[in-house]
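# Examination of the molecular architecture
One-letter residues, chain by chain:
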Amino acid sequence: MKHRLTLPVAENIFFVQPTIQIAEELFNLVDSDRKHLEEFLDFVKMTESVADEADFLKMKITGEGLGTDRFFLIYYKDQLAGTIDLHMIDSKNKRAEIGYWIHSSFAGKGIMTKAVRKITEIAFDDLGLNKVSIIAVVENIASNKVAQKSGFEFVATLKEEQFLYGEFRDINRYALLKRDFEK
C-alpha cells in the first residue's frame, strides 16, 4: 500500500491506521506465525482466510466509530510486525484494556513495549481515560514482561479466568492509572 496514515511511535516504529485493503497482508503475517501466536491467542484458529481477516478489520473499524475500540497496525522498518488496540473502551468509567501481539521474527526488539507506552499515551491524552489494563496468560512470559516494562502494576492472578483450547488458564491482570503514567 503506497499511502498510509501513520503515527510515529519511536525510531523505525509506526502505528498505521487499518483499512480493509490490508486484510491480505495481515492474514499472511498471522498465517506465517500460527504456531507462535496460537499458543496464547484464540483468534488465530478462527482466522482461516483473508475474508476472516477482513471481517475482523471491519469489526475493529466499526468499533472505532462506536467509541469502543482503537486499533492500530504496528510497522517496524516499513514491515508489518503486529497489532495493538484499546478495546472495551468504557467512556463512562474512563477505562479500557490493551491487547497486542507481534510476529515472532520481531520479538525481543523492544517494539511492543514502545507500542504499549504510545497507546497508553493515546488512551490518557486523547481519549481522556483514567485507567488502562492488560491481561496476559500466566505462562506467556513475553506478554507479562511487556506489561511490566511498560510501567503497569501487577494487580492479581485470576484463577481459571480464560477458557483456551479446551482448558481453563490463569491470567495476570495489570493496570496503570493516568496519575502514575510517566512519558
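Just so you know, these numbers come straight off a predicted model, no measurement behind them. (Residues numbered from 1 in each chain as written. Predicted model: local features only at pLDDT ≥ 70, side-chain atom pairs only at ≥ 80, totals over all residues. Heavy atoms only, no water.)

Moving on: the sheet that holds strand β8 (residues 167–177). Across the sheet, eight strands lie side by side as β1-β2-β3-β4-β5-β6-β8-β7; this open sheet has mixed pairing. Only two strands of the sheet have a single neighbouring strand rather than two, namely β1 (6–10) and β7 (153–164). When the angles between neighbouring strand axes are averaged without regard to direction, this sheet yields 30°. Packing of helix α1 (residues 23–31) onto the sheet brings it into contact with β3 (70–76), β4 (79–90) and β5 (95–102), and relative to β4 it is tilted by some 100°. (Pairing = 2+ DSSP bridges. Helix = DSSP H or I, 4+ residues; strand = E, 2+ residues; numbered from the N terminus. Axes fitted to C-alpha atoms, helices over the stretch in contact; angles between N-to-C directions. Contact = heavy atoms within 4.5 Å.)

Another aspect to go through is the side chain of Asp90. Tracing the sequence through the fold places Asp90 in strand β4. A distance of 3.2 Å separates the side chain of Asp90 from the backbone nitrogen of Lys92, its partner in a polar contact. Leave out the neighbours within four places in its chain, and Asp90 touches Arg95 and Leu129. (Polar contact = N/O pair within 3.5 Å; in protein donor to acceptor, adjacent residues only side chain to side chain.)

Counting 32 residues, the largest nonpolar core has Ile84 and Ile98 as its most contacted members. Among the elements of the structure, β2 (13–16), β3, β4, β5, α5 (111–126), β6 (131–137), α6 (141–149) and β8 are those that each provide at least two residues to this core. With eight residues, the single largest contributor to this core is α5. Beyond its immediate chain neighbours, meaning those up to four positions away, Ile84 contacts Phe15, Arg70, Phe71, Phe72, Ile74, Ile98, Gly99, Tyr100, Met112, Ala115, Val116 and Ile119. Listed in part, the 15 residues of the second largest apolar core include Val16, Leu29, Val30 and Leu73. (Core = buried A, V, L, I, M, F, W, Y, C linked by side-chain atoms within 4.5 Å. Buried < 20%, exposed > 50% of the residue type's maximum accessible area, 1.4 Å probe, protein only.)

Its 16 residues place the ends of α5 22 Å apart at the C-alpha level, agreeing with the 22 Å of an ideal helix rising 1.5 Å per residue. Listed in full, the buried residues belonging to α5 are Ile111, Met112, Thr113, Ala115, Val116, Lys118, Ile119, Thr120, Ile122, Ala123 and Phe124. The first or second residue beyond α5 is Gly128, which carries a positive phi of 70°. (Expected span 1.5 Å × (residues − 1).)

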